[in-house]
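As a plain string of letters, each chain reads:
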Amino acid sequence: MRATKAIVRGISASFRDAVVMHPAAEAIDVARARAQHAQYVEALREAGLEVVELPPLDAHPDACFVEDCALVARGTALITRSGAPSRRNEADSIAEALAAKHRVARTQAPATIDGGDCMRVGTTWFVGRSARTNAAGAARVREVFGPLGDSVIEVPVRDFLHLKCTASCIDERTVLVAEGTVDRAAFAGFDVVTVAREEAYAANAVVVNGTAIVAKGYAATRAALERRGLRIIELALSEIAKADGSLTCMSILLP
Ligand code: CIR
């Protein structure tokens, strides 16, 4: 996709208390997480983006994962209501950041949506139905973006936190997906670049303006993206991964 701007937020002092599915054996090193985040910001700049850095929210350990708070397209920002109750208060400051240049729509109970479940490819939103995004949440995405010309395809997500943990958008008709994680039938009519299940973590990549920002250490995924003519930036993400985070989660990209 093409984008001009990225919204990011620094790592909270409380990052060690991030919500996780399976706690890592080793505690998060917050200083290292900050260094990894700084490299991420640098990579976004190298990809030609103007980066808007919001200050950390120390009361919200997961607040660096801004992607989960809003879906942005067609001049509209749908502010989510996270499936993780502890994350619901992160969204207000993202709404504020987007309000000047976007029409802002909200999500009400009982709907829950995490942005990590919502992948826009061209004008199609693939919405992962996960533990975080429920039927009413998917319906809300359809209600807001349908009249603007987008369509919604729901995709079951079982063994992972979010749809985008193992899938990401390469361009307006191509997705990158880890084998055996998301039903291929969901992507009928789209081109699919498959990576091996062992490289599932790398299937979450930020592909923007001809650059692919990918997790370090996944040679086959890197090669697959290189073959598509993308310039590659590899990033170490050990501390981000311990918080169940990956690359797309740490930014909201704007046209
Ligand atoms: C959470 O469980 O909500 C955070 N610890 C990780 C969120 C990662 N976000 C994303 O993949 N979009």
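Here, the structure is the one placed above.
Since this is a predicted model, take the numbers as computed values, not measurements.

Visitor: So, the overall build of the protein: which residues are in play, and what are the values?
Guide: Secondary structure summary: the protein contains five helices and 15 strands in total. Rg of the C-alpha trace for the protein: 17 Å, near the compact-globule value of 18 Å for 255 residues, within the 12% margin. A principal-axis box enclosing the C-alpha atoms of the protein has dimensions of 45 × 40 × 35 Å. Buried positions account for 55% of the 255 residues belonging to the protein.

Visitor: Residue-level account of the packing of aromatic side chains, with values.
Guide: Aromatic ring pairs are defined here through the distance separating the ring centres and the angle between the ring planes. Enumeration according to the criterion identifies five aromatic pairs in this entry. Measuring from centroid to centroid gives 6.3 Å for Tyr201 and Tyr218, while their planes differ by 50°, and the two rings are tilted. Residue Tyr201 is located in the loop between strand S11 (191-195) and strand S12 (206-208), and its partner Tyr218 is located in the loop between strand S13 (211-215) and helix H4 (219-227); the two are separated by 17 residues in the primary sequence. A network of ring pairs unites the aromatic residues Phe126, Phe187 and Phe190 as a single cluster.

Visitor: Please set out the site of the ligand residue by residue, giving values where relevant.
Guide: Taken together, 13 residues form the shell around the ligand, and within it Val19, Asp62, Glu67, Arg87 and Ala243 come nearest. Protein chains shield 100% of the accessible area of the ligand, which is 340 Å² for the free molecule. Here the residues of the shell around the ligand are counted per class, giving five nonpolar, two polar and six charged.

Visitor: Explain the nonpolar core to me, using residue names and the numbers behind them.
Guide: Counting residues in hydrophobic clusters, the biggest one holds 31 residues, and the most contacted among them are Phe15, Tyr40, Leu44, Phe65, Val206 and Leu235. Elements with a contribution of two residues or more to this core: strand S1 (5-9), helix H1 (30-46), S12, S13 and strand S14 (231-235). Considering every element that reaches this core, the biggest residue donor is H1, with six residues. Other than its neighbours up to four places away in sequence, Phe15 contacts Ile28, Val30, Ala33, Pro61, Cys64, Phe65, Glu239, Ile240 and Ala243. Ile170, Ala212, Leu230 and Ile232 belong to the second largest nonpolar core, which has 15 residues in total.

Quick notes on the rules
Residues numbered from 1 in each chain as written. Predicted model: local features only at pLDDT ≥ 70, side-chain atom pairs only at ≥ 80, totals over all residues. Heavy atoms only, no water. Helix = DSSP H or I, 4+ residues; strand = E, 2+ residues; numbered from the N terminus. Rg over C-alpha atoms; globule rule 2.2 N^0.38 Å. Buried < 20%, exposed > 50% of the residue type's maximum accessible area, 1.4 Å probe, protein only. Phe/Tyr/Trp six-rings, centres within 6.5 Å; stacked < 30°, edge-to-face > 60°. Near = heavy atom within 4 Å. Areas by Shrake-Rupley, 256 points an atom, 1.4 Å probe, with all protein chains shown as cover. Nonpolar A, V, L, I, M, F, W, Y, C, P; charged D, E, K, R; others polar. Core = buried A, V, L, I, M, F, W, Y, C linked by side-chain atoms within 4.5 Å. Contact = heavy atoms within 4.5 Å.

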